[in-house]
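So the chains spell out like this:
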Amino acid sequence: MLTLVIGNKNLSSWSLRPWLVLQHFGLPFEEVKLPLDTPAFHRDIVKYTASRRAPVLIDGDAASPITIWDSLAIAEYLNEKVQGRAWPSDTALRAHARAVSAEMHSGFAALRTYWPMKSTGKGSVELPPEGRADAARVQQIWQECRTQYAQRGPWLFGEYCIADAMYAPVALRFRHYGATFSSPIVEAYQRQVIEDSHMQAWLADALQEVNSNWGA
Ligand SMILES: N[C@@H](CCC(=O)N[C@@H](CS)C(=O)NCC(=O)O)C(=O)O
């Protein structure tokens, strides 16, 4: 049995990524949601991981669980569960997809700082130059992938893969803060990420969280 420990659906960009991988590859799982930035979070997260951060994936029963923390490590573990289908099958595409995913995982600090993910509502925060450079680099990646691999399917590398999940929170940041798009191709990809049925389910839960003041 798989259990994914996540933070608030309105706020937790790192949680959204493996959650989308689980959904897109049809892996059944239980969700445990902890309210970020609360005493309850700090009390409960240590039951799952000494890293004290969400997301965490637990595979197996309480007697002999495998615990994986960190979004990208979880995505890699899930990729093994689906016999490698969560990355492109072609070697060159797989290397490219891993590179852009690693770039997301280790970079874009300014964009993440100034435009933290909010699944709901609208905000207005002007990005400093380094944040604008991050947003432009994301759009460059989307443009290149959607141009290069368009004939393979509608996602970054044709079929849905971990790279799409890694960039999904950025689509929400762009929506919340009203980003301008470098091209219709980039804008269409952003819209598609948000219109995805699994993303819509996440957004509905996020709205409910906010409306019920959950975790406040
Ligand atoms: N590199 C980690 C980052 C995880 C992370 O920073 N998670 C945030 C929530 S989105 C968290 O747990 N924050 C709680 C805290 O710092 O107290 C990953 O990829 O999973």
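So, here is what we can say about the structure in this document. Each chain has its residues counted from 1, following the order in which its sequence is written. It should be noted that, the model being predicted, local features are given only for residues of pLDDT at least 70 and side-chain atom pairs only at 80 or more, the latter also being counted only at that level, while totals for whole chains, interfaces and linings use all residues. No hydrogens and no water enter the side-chain calculation; it runs on all heavy atoms of the structure.

**Comments concerning the sheet that holds strand β1 (residues 2-6)**
Across the sheet, four strands lie side by side as β2-β1-β3-β4; this open sheet has mixed pairing. Every other strand in the sheet has two partners, leaving β2 (30-33) and β4 (66-69) as the edge strands with one partner each. Strand-to-strand twist in this sheet, taken as the mean axis angle between neighbours without regard to direction, amounts to 20 degrees. Bridging between β1 and strand β3 (residues 56-59) involves four bridges; their strand directions are antiparallel. Counted as the bridge partner of valine 5 is valine 56 from β3. Pairing between strands is defined by DSSP: at least two bridges between them are needed. Helix numbering and strand numbering both begin at the N terminus, where a helix is a DSSP run of H or I of at least 4 residues and a strand a DSSP run of E of at least 2. Every axis corresponds to a line fitted to the C-alpha atoms, with the helix fit spanning only the stretch in contact, and the corresponding angles, defined between N-to-C directions, vary from 0 to 180 degrees.

**So, the pairing of β1**
In terms of residue burial, β1 counts as a mostly covered element, since five of its five residues are buried. Burial classes follow relative accessibility: with a 1.4 Å probe on protein chains only, a residue under 20% of its type's maximum area counts as buried, one over 50% as exposed, and anything between as partly exposed. Going residue by residue along β1, you find Leu2, Leu4 and Ile6 tucked away on one face and Thr3 and Val5 tucked away on the opposite face as well. When β1 meets β2, the two strands line up parallel, connected through four bridges. The residue of β2 that forms the bridge with valine 5 is valine 32.

**Points about the site of the ligand**
One heavy atom suffices: a residue is near a molecule or strand as soon as one of its heavy atoms comes within 4 Å of it. Looking at the ligand, the residues that line it are Ser12, Trp14, Leu36, Phe41, His42, Arg53, Ala54, Pro55, Asp70, Ser71 and His105. Pairing of N or O atoms within 3.5 Å defines a polar contact, subject to two protein rules: one partner must be a possible hydrogen donor and the other a possible acceptor, and residues neighboring in sequence count only if both atoms are side-chain atoms. Within the backbone of alanine 54, a nitrogen or oxygen atom sits 2.7 Å from a nitrogen atom of the ligand. Residue aspartate 70 places a side-chain N or O atom 3.1 Å away from a nitrogen atom belonging to the ligand. When the ligand is considered free in solution it has 520 Å² of accessible area, and contact with the protein chains removes 77% of it. Areas reported here follow the Shrake-Rupley algorithm with a probe of radius 1.4 Å; residue values treat only the protein chains shown as occluding.

**Description of the environment of glycine 60**
The residue glycine 60 is located in the loop between β3 and β4 in this model. Between the alpha carbons of glycine 60 and methionine 1 there is a distance of 5.1 Å; along the sequence they are 59 residues apart.

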